[in-house]
Amino acid sequence: MANQPRYDPLEPSNFFADGMSARPRIAGTVARGELAIDGFMATGKVGGAIADGFPYAVDAGVMNRGEERFNIYCSPCHGRAGDGNGMIPARGYRRPPSLHTDILRAAKTGHFFDVMTNGFGAMPSYASQVPVEDRWAIVAYIRALQLSQHATVADVPPDMRAKLDGGTQ
C-alpha cells in the first residue's frame, strides 16, 4: 500500500478527456473554510454591533429543539434551569454565571449567540459542534428559561389569567 500509483497536484493525466488529473469544483459547492460568514443569522451582529431579535420566527418546534440542544450542550455547566449549578461546576470546575442575573436578562439575543459562537471567559466556542440554527434555537430557549423565573401576571395573556385566579379550567 505504500507504493500506489497517484498523481501530484496539477500533474497531467491521460485518464480524463481534458488531460487533467485534478477535477474542477462542482458549481455551487463551497469548500471548507470558504463560507462567507456575515449577516445577522451567522454572527448575531448588525453593522458589527451585537443585535437583538431573532433571524427567523420562533415557534414551538424551535423552542423544543432549543430545549433539547440546551440540555445536551449547555446544562452540564449551566444546569437545566440555567442557574449555573450544573454537574461540571459541582465537580470543582469554574462555575458559569446564572442566566437569570439582571445583566444577562437585559443582554441582547446576539450576545448569547456570539458567546456560543466565539466563546467567552472559560466557555469555549461551540461553533464547530452546534450548527447556526441550533444556536439560535438555544438562544430562544434561554429567553424562555429567563421568563420562567421572572414572569409576572402581566406577562400572561388576558384570556389565560382567569385560570390563574382559580377560575375553571
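In this report, the structure presented in the accompanying data block is examined. These numbers were taken from a predicted model, which means no experiment stands behind them. (Residues numbered from 1 in each chain as written. Predicted model: local features only at pLDDT ≥ 70, side-chain atom pairs only at ≥ 80, totals over all residues. Heavy atoms only, no water.)

**Overview of the packing of aromatic side chains**
What counts, and what does not: Only the six-membered ring of Trp is used, alongside the rings of Phe and Tyr, when aromatic pairs are assigned; centres must lie within 6.5 Å, and planes under 30 degrees apart are stacked while those over 60 apart are edge-to-face, with the rest tilted. Here a helix means four or more residues in a row that DSSP labels H or I, a strand means two or more in a row labelled E, and each is numbered from the N terminus. We call a residue buried when its accessible area falls under 20% of the maximum for its residue type, exposed when it is over 50%, and partly exposed in between, using a 1.4 Å probe and counting protein chains only. For a lysine, the NZ atom is tested; for an arginine, the CZ atom; a charge sits over a ring if that atom is within 6 Å of the ring centre and within 35 degrees of the ring normal.
For the structure shown, the criterion picks out six aromatic pairs. For the pair Phe 40 and Trp 136, a centre-to-centre distance of 5.1 Å together with 50° between the ring planes defines the contact as tilted. Linking Phe 40 in helix H1 (residues 40-43) with Trp 136 in helix H6 (residues 132-150), this pair joins segments that are 96 residues apart in sequence. Accessibility assignment for this pair places Phe 40 and Trp 136 in one class, buried. Ring geometry for Phe 113 against Trp 136: centres 4.5 Å apart, planes inclined by 10°, an arrangement best described as stacked. With a gap of 23 residues between them, Phe 113 in helix H5 (residues 109-118) and Trp 136 in helix H6 connect regions that are remote in the sequence. Summarising the burial analysis for this pair, Phe 113 and Trp 136 share the class buried. An aromatic cluster is defined as three or more aromatic residues linked by ring pairs; in this entry it consists of Phe 40, Phe 54, Phe 113 and Trp 136. Sitting above the plane of the Phe 16 ring, Arg 23 keeps its charged end 3.9 Å from the centroid.

**Considering the environment of Ala 49**
For Ala 49, the position within the fold is in strand S2 (residues 49-50). Each C-alpha atom of the pair Ala 49 and Pro 124 lies 21 Å from the other, and the pair is 75 residues apart in sequence.

**Notes on unusual backbone geometry**
The phi angle at Leu 10 is positive, at roughly 65°, despite the residue not being glycine. By the secondary structure assignment, Leu 10 is in the segment before H1. Residue classification places Leu 10 among the exposed positions, given a relative accessible area of 79%.

**Some points on the state of the cysteines**
The criterion, for reference: Counting rule for disulfides: a pair of cysteine sulfur atoms within 2.5 Å.
On inspection of all chains with the given rule, the structure shows zero disulfides. Between Cys 74, a cysteine without a disulfide, and Cys 77, which holds the nearest cysteine sulfur, the sulfur-to-sulfur distance is 8.9 Å.

**Some remarks on the pattern of salt bridges**
Note the following rule: The term salt bridge refers to a side-chain nitrogen of Lys or Arg lying within 4 Å of a carboxyl oxygen of Asp or Glu.
This model, assessed by the stated rule, comprises seven salt bridges. One salt bridge in this structure joins Glu 68 and Arg 65, with 3.1 Å as the shortest N-O distance. Of this pair, Glu 68 and Arg 65 both sit in helix H2 (residues 60-78), separated by three residues, roughly a single helical turn. By relative accessible area, which is 33% here, Arg 65 ends up partly exposed. Across the pair Asp 102 and Arg 105 runs a salt bridge, and its minimum N-O distance is 2.9 Å. Taken together, the residues Asp 102 and Arg 105, both in helix H4 (residues 102-106) and three residues apart, mark about one turn of the helix. Given a relative accessible area of 34%, Arg 105 falls into the partly exposed group. Within this structure, Arg 65, Glu 68, Arg 69 and Asp 134 form a network of salt bridges that share partners.

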